[in-house]
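Descriptive analysis of the structure
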Amino acid sequence: MVGKYFAPSFRAIMILLATGVALYSLRYYGVLVDRWLDVDPKIRTVIAHVPIQALMHMLIAPIALLLGPFQFIPGLRAKYPQAHRWSGRVYVAACVVAGAGGLATSPYASGGPVAGLGFGILAVLWLGTTLGAWRAAVQRQFALHRLLMRFSYAMTFGAVTLRLQIPLGFALGYPTYSAMSVWLAYTSWIPNLIVVALYSIAEALRRPMALATVDGEMTAL
Ligand code: HEM
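Residues numbered from 1 in each chain as written. Predicted model: local features only at pLDDT ≥ 70, side-chain atom pairs only at ≥ 80, totals over all residues.

Moving on: the nonpolar core. In terms of nonpolar packing, the biggest core is built from 40 residues, with Ala 61, Ala 64, Leu 65 and Cys 95 touching the most fellow members. Among the elements of the structure, α1 (2–25), α2 (41–49), α3 (51–71), α5 (81–105), α6 (113–138), α7 (142–156), α8 (158–171) and α9 (177–187) are those that each provide at least two residues to this core. Among the elements that line this core, the one with the most residues is α6, at eight residues. Setting aside its immediate chain neighbours within four residues, Cys 95 contacts Ala 64, Trp 126, Thr 130, Ser 152 and Thr 156. (Core = buried A, V, L, I, M, F, W, Y, C linked by C-beta atoms within 7 Å. Buried ≥ 20, exposed ≤ 12 C-beta atoms within 10 Å, placed from the backbone. Helix = DSSP H or I, 4+ residues; strand = E, 2+ residues; numbered from the N terminus. Contact = placed C-beta atoms within 7 Å.)

Let's shift gears to the packing of α6 against α7. Here α6 crosses α7 at 155 degrees, and the two axes come no closer than 8 Å. Judged by the angle between their axes, α6 and α7 are roughly antiparallel. In terms of crossing hand, the pair formed by α6 and α7 is left-handed. Of the residues in α7, those in contact with Leu 122, Leu 125, Trp 126, Thr 129, Thr 130, Gly 132, Ala 133, Ala 136 and Ala 137 of α6 are Leu 144, His 145, Leu 148, Met 149, Phe 151, Ser 152 and Met 155. The residue inventory of the contact of α6 with α7, partitioned by class, reads eleven nonpolar, five polar and no charged. (Axes fitted to C-alpha atoms, helices over the stretch in contact; angles between N-to-C directions. Parallel < 35°, antiparallel > 145°, perpendicular 65-115°, else oblique. Left-handed = near helix turned anticlockwise from the far one by under 90°. Nonpolar A, V, L, I, M, F, W, Y, C, P; charged D, E, K, R; others polar.)

For the rest of this paragraph, the subject is unusual backbone geometry. Despite not being glycine, Asp 34 shows a phi value in the positive range, around 60 degrees. Position of Asp 34 relative to the elements: it lies in the loop between α1 and α2. Asp 34 sits in the exposed class, given 6 other C-beta atoms within 10 Å. The phi angle at Arg 140 is positive, at roughly 60 degrees, despite the residue not being glycine. If you trace the backbone, Arg 140 turns up in the loop between α6 and α7.

Here it is, written out as structure tokens:
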């Protein structure tokens with residue numbers, strides 16, 4: 001009963017936050033015409049070092065962030081399966097382009113090598129799970145597809161959890177984003193993966209057949 005209302009409300013909050021962060025990231029399109037709207041000076045230096053890789057990441061990743069939540073809505077998937085497929089292909093393509101860009105940018109991360117390592121690990125895992133999820137769909141292994149896509153989006157959503165943690169970083173005394181990014185490069189996505197893992201384990205215990213169904217109707221994230 002609680003779950004009936006919890007899942008849609010949780011999804012609505014997720015969509016709102018993801019849309020907000022994705023829209024705010026649109027300011028990076030200004031960089032293409034030399035307009036630096038509210039861009040952190042250290043991120044500007046990162047872009048100056050590896051402009052193609054960094055912009056490949058910053059301009060394309062918001063597409064994955066925007067599309068992801070709609071893929072998890074069971075009603076939409078059942079009613080418009082064709083739209084689910086096309087939107088899924090665009091999501092995967094966006095993750096691959098943005099993930100490759102993120103990986104190539106990570107050695108230049110404004111927070112230094114420790115932050116770079118965190119972002120680098122994230123990029124490799126993001127690429128791996130997303131491509132694995134796509135392969136599982138093509139091979140009609142829908143239970144595996146569903147599970148891997150949950151993990152993929154948990155990492156995509158790291159863009160939101162990272163930005164939510166920034167005020168906390170300032171409250172803890174970090175003077176800039178780059179200073180706190182040594183932590184953010186890890187804390188932005190590891191908790192998301194833990195939540196998805198715990199949720200999936202709980203679901204498997206509650207409904208052992210849920211992960212084995214071919215159609216695998218998803219009732220929640
Ligand atoms: C999930 C894998 C991701 C990886 C590995 C990754 C990696 C990176 C790296 C290395 C930087 C440079 C940060 C720095 O120098 O401190 C960066 C910045 C950025 N990323 Fe990502 N990122 C990911 C997801 C996303 C997503 C989903 C978005 C969607 C909005 C996004 C949007 C941005 C933007 C806009 C910046 C510029 C900095 C800012 O405005 O906060 N990233 N990312």
